Amino acid sequence: MPAWVSLCVSASVGANVVQLSDATFDDAIAKHAFAVVSFRAPWCQRSDSLLNTMGMLPDLPSQLFAEVDCVSSAGLADRFVVKQYPTVLLFRDGKSQEYKGDYDMESVGEVVRAGAQPCRPLQSEAELVAFSKKLTGLVAFVSRADGARVVEEFATEQAGAFPAAVAEGWSETQLAAIGGRQDHVMFLRPTHTLGRGESRVALAPLTELTTLDKLREWLRTSLPVVMSADVGVSRYFQDLQGPLNRTVTAVSELPGPIAPGIARYLANRLKAAIGQQSGYAMRVEGGGRFASGALAERFGIQFERGFAVVVEDGELRYGCKPTTAGDAFSGAASCLAGIAAGTIRPHRRSAVAPASSRPVKVLTADTFDTFVRGSGRPVFVLFHVQWCGHCARALPEWERLAAKELAVTVATYDCSENDLPPGVGVATFPTFMWLGPGQTTGGAIYTGERRQAGWQKFIAMQLDPESDGEDWDSDDDPRPEL
């Protein structure tokens, strides 16, 4: 990576934020029980905004606030597999975990107040009232210190994305005043997703929530039938459903979110039409990521009036023909039946393959499988996105590699304009993947220097596993690592 920018500490780092490097990182982390570290890039505005937020937090002797410039300290970025900027890691007793919450002062401050503890301790009713003003959250009322183990595990897993607190040893009078119970968990549900007269609070005894799976299932069943299009609520909903979230959404023609009461009524009708056995969460929404333009891009459908039905099953997305309001619910049932029968295929976003004969083979979602299976030779693919600075710097060198006489096809795949091919897992950009003849999944990942010499050595070793990779024809120039 070119170290062409290095912001000075006095200009870019807040008064209590320490700038760490490859040489100073481990020693600084080891000296603190809790540390918040932002991995950033000098050109990233969100990184700068987060750094300003961290600089305004109270400076506590037992806690460390730090930042790592991923351009000048590329080794640390690779070590912690930094996928985007900024990436915030929380270190508790030396163990790292990625922060999943928002970057505003309140959200980051909540994690800081909890410190080395995954759950924020509540000492008074006033603190509980302040905590309850959040969008959502969990509170464990316990009679002994180890009673909140499962809630602490959940809070650790969520890493700031789902606020959690513990109230230990509260009197029965205190609990009665706020509607709590000893050795119970209170789930504060998002108020704007509730129907008229519906309580925000859901309670469950800790004796019934002995594992993380049981706690997650209780949270799922306690959520309202319909979640609004609010970004924060949608994230919580998706997190609780997990990576294999299965959702049926009846999308309104309205440009914005539907009123919660109406949405709940319609979602319950949708649920009744499809049936409990479907295993899908039901929603009725409008606007946001379900606006007409987004529908066309994500689900391959367009509509102007009535309801469209879209189905999300893990990474698969299905769009069904628009319906009128009267038959939207039967249309959803027909959509699921078509998916089960295989007559409705998942929509894949794909760019138009270029007609030019560039040295690099440009693959798209529509051409990837056919080309790789039928090429008869290995394919070395660079998966990239348009907003990635590292990708932009690697692409010209990649073109130079493709221009060489090699026994491999050198290709690119723009993930900004194409959905990933089924079964291809790409976690960071750029990703360099080697696929053998006819192989479309499970390719070998190149993790070395992003230079001609490293790529050609990797190719030689893939073509001949017994080779040391040194017998390649290289006219590579001695450029520094990209």
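From a predicted model like this one, the values you see are computed outputs, not experimental measurements.

Calculation notes
- Residues numbered from 1 in each chain as written.
- Predicted model: local features only at pLDDT ≥ 70, side-chain atom pairs only at ≥ 80, totals over all residues.
- Heavy atoms only, no water.
- Pairing = 2+ DSSP bridges.
- Helix = DSSP H or I, 4+ residues; strand = E, 2+ residues; numbered from the N terminus.
- Buried < 20%, exposed > 50% of the residue type's maximum accessible area, 1.4 Å probe, protein only.
- Contact = heavy atoms within 4.5 Å.
- Disulfide = S-S within 2.5 Å.
- Expected span 1.5 Å × (residues − 1).
- Axes fitted to C-alpha atoms, helices over the stretch in contact; angles between N-to-C directions.
- Core = buried A, V, L, I, M, F, W, Y, C linked by side-chain atoms within 4.5 Å.
- Parallel < 35°, antiparallel > 145°, perpendicular 65-115°, else oblique.
- Nonpolar A, V, L, I, M, F, W, Y, C, P; charged D, E, K, R; others polar.
- Left-handed = near helix turned anticlockwise from the far one by under 90°.
- Salt bridge = Lys/Arg side-chain N within 4 Å of Asp/Glu carboxyl O.

**Q** Teacher, can you tell me more about the sheet that holds strand β9 (residues 184-188) here?
**A** Across the sheet, 5 strands lie side by side as β6-β8-β7-β9-β10; this open sheet has mixed pairing. The outermost strands of the open sheet, each flanked by one partner alone, are β6 (120-121) and β10 (201-205). Across 5 bridges, β9 lies against β10 in antiparallel orientation. Counted as the bridge partner of Val-185 is Ala-204 from β10.

**Q** Explain the environment of Ala-35 to me, please; I cannot follow it from the model alone.
**A** Positionally, Ala-35 belongs in strand β2 (residues 34-40). Its relative accessible area of 1% is what places Ala-35 among the buried residues. Along the backbone, Ala-35 and Gly-94 are 59 residues apart, and their C-alpha atoms lie at a distance of 8.5 Å. Excluding residues within four positions of it along the chain, Ala-35 makes contact with Ile-29, Leu-64, Leu-89, Leu-90 and Phe-91.

**Q** Hey, could you run me through the state of the cysteines in this one?
**A** In protein structure, a disulfide is the covalent linkage between the sulfur atoms of two cysteines. Across all of its chains, the model carries 1 disulfide by this definition. Across the disulfide, Cys-320 is cross-linked to Cys-335 (sulfur-sulfur distance 1.7 Å). Its S-S torsion of about 55° marks the bond between Cys-320 and Cys-335 as right-handed, since a negative value means left-handed. Here Cys-335 lies in helix α13 (residues 328-341) and Cys-320 lies in strand β14 (residues 316-323), a separation of 15 residues in the sequence. An identical accessibility class is assigned to Cys-320 and Cys-335; each is buried.

**Q** How should helix α16 (residues 452-463) be read in this particular structure?
**A** Owing to its 3.6 residues per turn, the α-helix aligns residues three or four sequence positions apart on the same side. Along its 12 residues, α16 runs 17 Å from first to last C-alpha, staying within 8% of the 16 Å computed at 1.5 Å per residue. When we look at burial in α16, the residues that qualify are Gln-452, Trp-455, Gln-456, Phe-458, Ile-459 and Ala-460. Packed against the buried residues of α16 are β16 (379-384), α15 (389-402), β18 (431-435) and β19 (444-446).

**Q** For this particular structure, what's the right way to read the environment of Gln-123?
**A** Mapped onto the secondary structure, Gln-123 falls in the loop between β6 and α6 (125-132). Gln-123 sits 45 residues away from Glu-168 along the chain, and the two C-alpha atoms are 7.9 Å apart.

**Q** Help me understand the sheet that holds β18, please; the structure alone is not making it clear to me.
**A** Within a sheet, each strand pairs with its neighbour through backbone hydrogen bonds, oriented either parallel or antiparallel. Read from one edge to the other, the open sheet built from 5 strands follows the order β15-β17-β16-β18-β19, with strand pairing classed as mixed. Of all the strands in the sheet, the pair left with one neighbour each is β15 (361-363) and β19. Strand-to-strand twist across the sheet, computed as the mean angle between neighbouring axes with direction ignored, equals 30°. Pairing of β18 with β19 involves 3 bridges; the strand directions are antiparallel. Bridging across to β19, Trp-434 finds its partner in Ala-444. α15 rests against β16, β17 (409-414) and β18 of the sheet, and its axis sits at about 160° to β16.

**Q** When you look at the nonpolar core in this model, what are you seeing that I'm missing?
**A** Across soluble globular proteins, nonpolar side chains show a tendency to be buried alongside one another. Judged by nonpolar contacts, the single largest core of 22 residues is most densely connected at Leu-138, Val-151, Leu-215 and Trp-218. When contributions to this core are tallied by element, the ones reaching two or more residues are β7 (137-142), α7 (149-158), β8 (164-168), β9, β10 and α9 (212-222). The contact partners of Leu-138, leaving out residues within four places of it in the chain, are Phe-131, Phe-154, Phe-162, Pro-163, Ala-164, Ala-165, Val-185, Met-186, Phe-187, Leu-215, Trp-218 and Leu-219.

**Q** Explanation requested: the packing of α7 against α9 in the structure shown.
**A** Helix-helix packing: each pair is described by the crossing angle between the helix axes and the interaxial distance. Closest axis-to-axis distance for the α7/α9 pair is 9 Å, and the angle between their directions is 75°. Between α7 and α9, the angle falls in the class roughly perpendicular. Residues Val-150, Val-151, Glu-153, Phe-154 and Glu-157 of α7 touch α9, and the partners they reach there are Leu-212, Leu-215, Arg-216 and Leu-219. For the contact of α7 with α9, the per-class residue count stands at 6 nonpolar, no polar and 3 charged.

**Q** When you look at the packing of α15 against α16 in this model, what are you seeing that I'm missing?
**A** Taken N-terminus to C-terminus, the directions of α15 and α16 make an angle of 50°; their axes are 10 Å apart at the nearest point. In terms of orientation, α15 lies oblique with respect to α16. Classified by chirality, the crossing of α16 by α15 is right-handed. Judged by residue contacts, Ala-394, Glu-397, Trp-398, Arg-400 and Leu-401 of α15 engage Gln-452, Trp-455, Gln-456 and Ile-459 from α16. Grouping the constituent residues of the contact of α15 with α16 by class yields 5 nonpolar, 2 polar and 2 charged.

**Q** Explanation requested: the pattern of salt bridges in the structure shown.
**A** Should the charged atoms of two oppositely charged side chains come close, the side chains can pair. One pass over the structure, following the stated rule, counts 12 salt bridges. Notably, a salt bridge pairs Asp-419 with Arg-349, separated by 3.5 Å at the nearest N-O pair. With Asp-419 in the loop between β17 and β18 and Arg-349 in the loop between α13 and β15, this pair connects stretches of sequence that are 70 residues apart. Arg-349 shares its class with Asp-419; the two are buried. Each of the salt bridges in this network shares a partner with another, and the network as a whole consists of Arg-40, Asp-48 and Glu-67.

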